[in-house]
Amino acid sequence: SLPANIGQNFGNGNPLEVLDVGRNDLTGEIPENVYNASNMVNLVLSSNNFTGQIRSDIFTNLFQLRILALDNNGFSGPVPETLSPLSQLTTLALQKNDFVGVISDSICNATVKGNTPIQLMSLTIDCEEVTCECCTKTDLR
């Protein structure tokens, strides 16, 4: 599993911008301090065995994210509803997890509150498991 103390100073002005631990057979939930990495630009947790739900406030402190790759894990529950602070996001990879429910219109329409456009260029999800406008508009799979 990913050590619980990884980046223990993330939220304290730590300049860490990239955390890429893809394809490492890591298990468990995302450590609490990863959610506080305010300088994080790329967060890649792809192709591991992470589990649990993605906290609804994941985007609160990760407002500089450009790449969020959570694909090929065992995450479950609803996809967080808001991208409000993510005006820099270009890639959102969520496929091959156990997400359920509906992806919010703000994600599908690649806009944040106030209709401020973001630069979302790649969105991958499991349309068979999650309902969203994106799947019917683009046949995204």
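Residues numbered from 1 in each chain as written. Predicted model: local features only at pLDDT ≥ 70, side-chain atom pairs only at ≥ 80, totals over all residues. Heavy atoms only, no water.

**Topic: the overall build of the chain**
To be explicit about the condition: Helix and strand definitions follow DSSP, with helices as H or I runs of at least four residues and strands as E runs of at least two, each counted in order from the N terminus. Contacts are residue-level and defined by heavy atoms, with any inter-residue pair within 4.5 Å sufficient.
From N to C terminus, the chain includes three helices and twelve strands. Restricting to contacts in the chain with at least 6 residues of sequence separation, those with at least 24 account for 60%.

**Brief notes about the sheet that holds strand E8 (residues 98-102)**
Note the following rule: When DSSP finds at least two bridges between two strands, those strands are taken to pair.
Strand order in the open sheet formed by five strands is E2-E4-E6-E8-E12, and the pairing between neighbours is parallel. Across the chains shown, the open sheet's two edge strands, defined by having one partner strand only, are strand E2 (27-28) and strand E12 (130-131). Where strand E6 (residues 74-78) meets E8, three bridges bridge the pair, whose relative direction is parallel. Across the sheet, the residue bridging to Gly77 is Phe99, located in E8.

**Considering the confidence of the model for the chain**
Rules: Looking at any residue, its pLDDT shows the predictor's confidence there, from 0 to 100.
Within the chain, residue pLDDT values average 77, and 72% of them lie at 70 or more. Within the chain, the lowest mean pLDDT, 50, falls on strand E9 (residues 111-112), and the highest, 94, falls on strand E3 (residues 42-44). Across residues 137-141, confidence stays below pLDDT 50; counting only partners more than four residues off in sequence or on other chains, it has ten contacts.

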